[in-house]
Amino acid sequence: MEPIILSVDQVFATAPENEILSLKEDVKKHINALYQKTGKGNDYLGWVDLPTRTSDHLLKEIQDAANALREKIEVLVVIGIGGSYLGAKSVIDILSHNFNALLPDRKKPIILYAGQNIGEDYLFELLEVLENYDYGITIISKSGTTTEPAIAFRLLRHHLETKYGKDEAKKRIVAITDEKKGALIDLAKKEGYKTFVIPDDVGGRYSVLTPVGLFPIAVAGGDIFAIMKGAKHMMELTNAKVPFEENPAALYAAARYCLSTKGKHIEIMVNFTPRMHNFAEWWKQLYGESEGKQGKGIFPASVDFTTDLHSMGQYIQDGQRNLFETVLSVSEPRNSLAIPHENDDSDGLNFISYKPLSYVNKMAQLGTLLAHVDGGVPNILIEIPKLNENYIGQLIYMFEMACGISGYLLDVNPFDQPGVEEYKRNMFALLGKPGCEEESEKIRNRIDKMFK
Ligand code: PA5
């Protein structure tokens, strides 16, 4: 099985080689801490060996449940927020036809999302379109108590029960949550929904290789066995026994850490293929929530090229020099399309006629890389031979492992997210949630002062 490529020479070109190499022993120590569960946040290190401990039996159970639901539905609504939907969405987008929803002979269900916002229009209009489709729901929440998905689930559940009746609605709902804790598991048991468990020791943003990601991906038609195989391959390539120079997670973590010590505090994930847009959204959550604490962390941003070269390109080329880029380069597109020749060459494009679009895209990529490096924006290049399940599994695991190492290099706990609670506390106080009465008055006074 071919691995994704992170070339050591190219990584050494991003920051002084000796400085990257000086992190070798630290990185090894951190990989060992991740494996031996001795570092910060060690209650949440279950993701490290998911590729080897996930049984074929569980994968088959997920696949069977996905197949059973697919028989009934044209649309699956995935309800979840943060780590409970971004991984699935990123993989589904990469694997799906760009215009699946518009295919006349569509065989794969359309996947829609809810519970990732509280937009009234969004949910109203979703319920409106669902009138016209046969649909099912998967509700995903590790805590089982997150407000956004809980609200969406209540609305959609009522809609589903009204549309199909309570008994049939039950057969169209799959709940993915903690085995014991939270309101969702109690509801799922009471109603008799099909459920899958999110392991206790796997946090939301590291959960894409559990039923959280695998079930929606399987419903969408992705090969979850191949994803896990790819992840397992990357697990073999990133453990502490692999020499630093050959370990993509170690190289990536060390290079970006070195760059951050040189004032490069913003990392932009770059893709040149629109189906990768949401992969960067997943990556941003993984790194942002894992590293951004105690005044530390590289700010994760993303762009879609060449689209954003016409909006963000100027800044990246010429703005503040606190950026570096990580470019996800896909060698082989799934389809091939050549530029037609025209005798009169009225648009002046004959110099590239008969060339495949992937060739033009590649030249755009190389030209951009050179321009940005010349402009003082170091580029880490990750080459992905093809966008299939195997490479997606590899990428996911590589970025997770590198994120754990990166968090430890920064000496933060990469597996908690205490900062996320702040807005919730204020929101609950403002909404008058039982138990928040005292806080409620304080917060209201502050808001009144702010807006008077
Ligand atoms: O990474 C995390 O832990 C978070 O982003 C969660 O995934 C997110 O807050 C959703 O939480 P839950 O699955 O408990 O509803």
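Residues numbered from 1 in each chain as written. Predicted model: local features only at pLDDT ≥ 70, side-chain atom pairs only at ≥ 80, totals over all residues. Heavy atoms only, no water.

*Asks:* Could you clarify how one ought to interpret the overall build of the chain in this entry?
*Replies:* Secondary structure summary: the chain contains 19 helices and 10 strands in total. Here the C-alpha radius of gyration of the chain, 23 Å, is about what a compact globule of 452 residues would show, namely 22 Å. Burial statistics for the chain: of 452 residues in total, 51% are counted as buried. Considering only intrachain contacts with a sequence separation of at least 6, the fraction spanning at least 24 residues in the chain is 77%. Total accessible area on the chain stands at roughly 21300 Å², and carbon and sulfur atoms take up 54% of it. Side chains of the chain give 50 positive and 61 negative charges; the mean places of these two sets differ by 5 Å. (Helix = DSSP H or I, 4+ residues; strand = E, 2+ residues; numbered from the N terminus. Rg over C-alpha atoms; globule rule 2.2 N^0.38 Å. Buried < 20%, exposed > 50% of the residue type's maximum accessible area, 1.4 Å probe, protein only. Contact = heavy atoms within 4.5 Å. Areas by Shrake-Rupley, 256 points an atom, 1.4 Å probe, with all protein chains shown as cover. Lys, Arg positive; Asp, Glu negative; His and termini not counted. Charge placed at Lys NZ, Arg CZ, Asp CG, Glu CD.)

*Asks:* I would appreciate a short explanation of the pairing of strand S3 (residues 110-114) in the present structure.
*Replies:* Consecutive side chains along a regular strand alternate between the two faces of the sheet. Most of S3 is tucked away: four of the five residues are buried. Of the pairings in the sheet, the one linking strand S2 (residues 75-79) to S3 comprises five bridges and is parallel in character. Paired with Val75 across the bridge in S3 is Ile110. For the crossover that starts at S2, traverses helix H6 (residues 86-95) and ends in the parallel S3, the hand is right-handed. (Pairing = 2+ DSSP bridges. Right-handed = clockwise from strand over helix to strand, strands pointing away.)

*Asks:* Any chance you could explain the sheet that holds strand S4 (residues 135-141) here in plain terms?
*Replies:* Consider a sheet: its strands pair through backbone hydrogen bonds, and that pairing is either parallel or antiparallel. As summarised here, the arrangement of the five strands in space is S3-S2-S4-S5-S6, forming an open sheet in which the pairing is parallel. Only two strands of the sheet have a single neighbouring strand rather than two, namely S3 and strand S6 (194-197). The mean inter-strand angle of the sheet, taken between neighbouring strand axes irrespective of direction, is 20°. The strands touched by helix H10 (residues 183-191) within the sheet are S4, strand S5 (173-177) and S6, with S5 carrying the most contacts at an inclination of about 145°. (Axes fitted to C-alpha atoms, helices over the stretch in contact; angles between N-to-C directions.)

*Asks:* Is there a simple way to explain the domain arrangement of the chain in this structure?
*Replies:* It is common to report an interface's size as the accessible area lost on association of the parts. Domain boundaries in the chain define domain 1 (5-40 + 229-409) and domain 2 (50-227). Relative placement of domain 1 and domain 2: their C-alpha centres are 29 Å apart. On the domain 2 side, the residues contacting the 28 residues of domain 1 number 24 residues. Note on domain 1 versus domain 2: buried area summed over both sides is about 2300 Å², and carbon and sulfur give 61% of it. Among the residues of domain 1 in contact with domain 2, Arg275, Asn278 and Glu389 are the three that bury the most area, contributing 28% of the side total. Applying the counting rule to domain 1 against domain 2 returns one salt bridge. Glu289 is paired through a salt bridge with Arg205; the nearest N and O atoms lie 3.0 Å apart. Where domain 1 packs against domain 2, one counts 16 residue pairs in polar contact (both at pLDDT 80 or more). Of all the secondary-structure elements, those providing two or more residues to the side of domain 1 that touches domain 2 are helix H12 (224-237), helix H14 (277-291) and helix H17 (389-409). The dominant element in the side of domain 1 that touches domain 2, judged by the number of residues it contributes, is H17, at nine residues. The class makeup of the residues in the side of domain 1 that touches domain 2 is 11 nonpolar, eight polar and nine charged. (Domains from an automatic or database assignment. Buried area = accessible area lost by both parts, 1.4 Å probe. Salt bridge = Lys/Arg side-chain N within 4 Å of Asp/Glu carboxyl O. Polar contact = N/O pair within 3.5 Å; in protein donor to acceptor, adjacent residues only side chain to side chain. Nonpolar A, V, L, I, M, F, W, Y, C, P; charged D, E, K, R; others polar.)

*Asks:* What's the story with the side chain of Asn390 in this structure? I'm lost.
*Replies:* Topologically, Asn390 is positioned in helix H17. Given a relative accessible area of 14%, Asn390 falls into the buried group. Apart from the residues within four sequence positions on either side, Asn390 is in contact with Met1, Glu2, Ala226 and Gly230.

*Asks:* I would appreciate a short explanation of the site of the ligand in the present structure.
*Replies:* The local shell around the ligand holds 13 residues, among which Ser84, Ser141, Ser143, Thr146 and Gln285 are the closest. In the environment of the ligand, an oxygen atom lies 2.7 Å from a nitrogen or oxygen atom belonging to the backbone of Lys142. Between the ligand and Gly204 there is a distance of 3.5 Å, counted from an oxygen atom to a backbone nitrogen or oxygen. Considered on its own, the ligand offers 380 Å² of accessible surface; in the complex 88% of this is hidden by protein. (Near = heavy atom within 4 Å.)

*Asks:* Is there a simple way to think about H10 in this case?
*Replies:* Owing to its 3.6 residues per turn, the α-helix brings residues three or four apart onto one side. Along H10, the residues that are buried comprise Leu184, Ile185, Leu187, Ala188 and Glu191. On an axial view of H10, the arc spanned by its buried residues comes to 160°, and they lie on one face. H10 presents Lys189 and Lys190 as exposed residues on the side facing more than 90 degrees away from its buried surface. Elements that come into contact with the buried residues of H10 comprise S4, helix H8 (147-164), helix H9 (166-171), S5 and S6. Of the residues flanking the end of H10, it is Gly192, one or two places downstream, whose phi is positive at about 80°. (Arc of directions from axis to C-beta.)

*Asks:* Looking at this structure, how should I read the environment of Ile5?
*Replies:* Checked against the element boundaries, Ile5 lands in strand S1 (residues 5-6). Other than its neighbours up to four places away in sequence, Ile5 contacts Leu381, Ile382 and Glu383.

*Asks:* Help me understand the packing of aromatic side chains in this model?
*Replies:* The relation between two aromatic rings is expressed through the spacing of the ring centres and the mutual angle of the planes. In the structure shown here, the tally under the stated rule is 16 aromatic pairs. Between Trp47 and Phe415, the aromatic rings sit 6.1 Å apart at their centres with planes inclined by 40°, giving tilted as the arrangement. Of the two residues, Trp47 sits in the loop between helix H3 (24-36) and helix H4 (50-53) while Phe415 sits in the loop between H17 and helix H18 (421-431), which places them 368 residues apart along the sequence. You'll find Trp47 and Phe415 in the same group, each marked buried. (Phe/Tyr/Trp six-rings, centres within 6.5 Å; stacked < 30°, edge-to-face > 60°.)

*Asks:* Please explain the nonpolar core as it appears in this structure.
*Replies:* Generally speaking, a soluble globular protein has its nonpolar side chains buried in company with each other. One finds Trp47, Phe215, Phe279 and Phe399 to be the most contacted residues of the largest nonpolar core, which totals 94 residues. It is H17 that provides the largest number of residues to this core, a total of 13 residues. Looking at which domains feed residues into this core, each of domain 1 (5-40 + 229-409) and domain 2 (50-227) gives three or more. Sequence-distant contacts of Trp47, that is, excluding residues within four places in its chain, are made with Leu34, Arg53, Asp201, Val202, Tyr206, Tyr397, Glu400, Met401 and Phe415. Core analysis: the second largest hydrophobic core is formed by 24 residues, Leu126, Tyr164, Ile173 and Ala175 among them. (Core = buried A, V, L, I, M, F, W, Y, C linked by side-chain atoms within 4.5 Å.)

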